[in-house]
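Coordinate inspection notes
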Amino acid sequence: MAVAETKRAIYEGTRIPSPIPSVLQVDPGLREEGDILEVNFGPNHPSTHGVLRLIVELNGEKVVGLQAVVGYLHTGFEKNMEAKTYWKAITYPERIDYVSFQNNELVFVLAIEKLLGIEPPPKAQWMRMLLCELNRIHSHLVWLGTAALELGAISMFWYCFRERDAILDLFELVGGVRMHTRYFQAGGLAEDIPQGFYDECRAFADTMEKRVDDYEALLSGQAIWLERTKGVGLLSAEDAIALGQSGPVLRASGVDWDLRKVQPYLVYDQVDFEVPVYPNGDVYDRYKVHMDEMRQSTRIVQQALHGMPEGPWIVDDRKIVLPPRHELHTSMESLIHHFKLVTEGYRVPEGEVYVTVESPRGELGCYLVSDGGPKPWRVKFRAPSFVALEATATCMSDALVADLIAIVGSLDTVMGEVDR
Amino acid sequence: MSPQPFDSLKGFAVTFRQMFKKPITQQYPEYKRPVYPRFRGRHRLWRHENGLEKCVGCSLCAAACPADCIRVVAAENTPGNRVSPGERYARIYEINLSRCIFCGYCELACPFDAITLEAEFEISEYSRDDLIYTKDMLLAEPVKRMPVADRDLYDTPTPVWKAES
Ligand code: SF4
Ligand code: SF4
């Protein structure tokens, strides 16, 4: 029962279907024959990863036309942030991509820090890296659980969400809530790391290694999984670059590109990890990239726990950071700073920055313009999910309708981030 | 190269092993996992030991709230009606918990430790109106008591934001 050989191999060159890369147009000749069935897939479909609407045109089982309609989850985060002081605006990016909340928070905080010209202390840098990697595992677990569920591997969902819950517990421990922690503040971390965190996190990292092997045992070699994923949703390296892909989608097409390596931020240059790259550009390889990234992230978590320096967790700058609590009752100056920071917020020098981080979904960018006031003048996020969605039509060329679920799932889009 | 059937057996082994593991299910309404001490649940307003309210109606929490869900209307304390130790007190103090995002900024902003976010998380209601918490509701002892994990281990020795006043 050889599964893989019968499958289509990755193509060379480019096959972007139309000038608008996100639309797959039906051949006019085919339409004249009149055998085209137009189907609405979503917006309320359990396997669209949120509220994505795809207008699919079918010729029998074959997908011949495709059009993605987005915007159902538009909440105007970016515009809203312009009306909030920087301090308050930190709570917004987390909610844009609610699955990789910590990375979204990081990119905004890094942008503020770049404009302010401050450098957080080493402990904050290491802790940020640790939490971002935990968040990456969390995001990949959610992806694996739901993407496998859509293809019928229901038990994966329970396995993945078991570990996901352990990660959310860790976030609750340090940040106070399970998601959207607002734990990263301009200048460092909101609070010190509690002692109990280290042991709990180490225990989690130790089990996580074995768990990823379990997931692989449940999926990697299984005939149905291979049948559904191998040679499906092909995207060549050339097309992936032309469509601006990043993250797992790009690396599964054989391009070695990871911002953590090529443009290290935080302390990623001080830890040892590898970037998984797979050459085939199909759903299976995207799945493999996710699995290997979970292993590498676990490695980074372990190294970060080991290398976590002691010291302050936030810069000592009373113009930006709230003064320590006990000083409020003893020092008039601190109280004035406190009032100033809470009511008016800190002022950020005039200028514009673009900061990128490698979020679980790829290159996440934040473009921030400040007019020197306490509120951002313009915020714009470069959402990797939105870019990934543009590759849907290219991946879908000569796919069957059943593959559509696998392909849309493998691109790992979070609709909150697409629509913002 | 055929990956079957050895790989299938590997998958079955994972499933089979699961039978001998203890279930991780928590019997939720009966058993409540202790929340960590930093957990931010429903708000609570506090009183001084002598019965006066800690809140002085300064509206800093309302200014800090990213969701704009706190409404404070202050009034002057008079000798006949002394509610708080300061000059003023909060005549109306409302939090719209259906808007609140539990960021805890109000707790950070309050210079008098009058408002904190406590461990209670069972706050769903059948009607949105019931989610507007008034001052009396926030001042009262909570009916439900949530277990909280060891404070020494899971919070920093001198909590930054929750120092005693
Ligand atoms: S927790 Fe945040 S959103 Fe809720 S009332 Fe306090 S400041 Fe407002
Ligand atoms: S709770 Fe605190 S910040 Fe809010 S009005 Fe009262 S004293 Fe001021």
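Here the residue index of a chain counts from 1 through its sequence in written order. A letter from A marks each chain and a number from 1 marks each ligand, given out in the order of writing. In keeping with the model being predicted, local features are shown solely for residues with a pLDDT of at least 70 and side-chain atom pairs are shown and tallied solely at 80 or more, while totals for entire chains, interfaces and linings include all residues.

A few words now on the overall build of chain B. When helices and strands are tallied, chain B shows 5 helices and 5 strands. By definition, any uninterrupted DSSP run of H or I lasting at least four residues is a helix, any uninterrupted run of E lasting at least two residues is a strand, and each is numbered from the N terminus. Shown N-terminal to C-terminal, the secondary structure of chain B runs as helices and strands in the order α-β-α-β-β-α-β-β-α-α. C-alpha atoms of chain B, sized along the principal axes, occupy 85 × 35 × 35 Å. The exposure scheme places C-beta atoms from the backbone and then counts, for each residue, the other C-beta atoms within 10 Å of its own, assigning buried at 20 or more, exposed at 12 or fewer, and partly exposed in between. In chain B, which comprises 165 residues, the proportion classed as buried is 30%. Put simply, 73% of the contacts in chain B that link residues at least 6 apart link residues at least 24 apart. Working definition of a contact: two residues with C-beta atoms, positioned from the backbone, lying within 7 Å.

Helix and strand content of chain A: 18 helices and 9 strands. To get the radius of gyration, use the C-alpha atoms; to get the globule rule, take the number of residues to the power 0.38 and multiply by 2.2 Å. A globule of 420 residues ought to have a C-alpha radius of gyration of about 22 Å, and chain A, at 23 Å, matches this closely. Across its three principal directions, the C-alpha atoms of chain A cover 80 × 45 × 35 Å. For chain A, buried positions account for 53% of its 420 residues. Of all intrachain contacts in chain A linking residues separated by at least 6 positions in sequence, the fraction that spans at least 24 positions is 71%.

As a further point, take the interface of chain B and chain A. Contact residues are listed per partner, giving 33 residues for chain B and 33 residues for chain A. Listed by contribution, the elements that provide at least two residues to the side of chain B that touches chain A are helix 1 (6–18), helix 2 (60–64), helix 3 (105–109) and helix 5 (151–154) of chain B. The element that contributes the greatest number of residues to the side of chain B that touches chain A is helix 1 of chain B, accounting for 5 residues.

Residues and elements named next belong to chain A. Strands were regarded as paired on the criterion that DSSP finds at least two bridges between them. Reading across the sheet, the 3 strands line up as 7-8-9 and stay open at both edges, with antiparallel pairing between neighbours. Bordering the open sheet on either side are strand 7 (351–359) and strand 9 (376–382), each of which pairs with just one other strand. Neighbouring strand axes in the sheet, compared pairwise and without regard to direction, differ in orientation by 15° on average. Summarising the sheet, strand 7 and strand 8 (residues 362–370) pair through 9 bridges and their orientation is antiparallel. Note on strand 8: the bridge partner recorded for Y354 is Y367. Sheet strands in contact with helix 5 (residues 101–116) are strand 7 and strand 8, and its direction is about 150° off that of strand 7. The convention used is that axes are lines fitted to C-alpha atoms, helices contributing only their stretch in contact, and that angles between N-to-C directions extend from 0 to 180 degrees.

Right, let's talk about the confidence of the model for chain B for a bit. Scored by pLDDT, chain B comes out at a mean of 83, with 92% of its residues at no less than 70. Taken over the whole predicted complex, pTM reads 0.89, whereas the ipTM for its chain interfaces reads 0.86. pLDDT expresses how confident the predictor is about each individual residue, on a scale running from 0 to 100.

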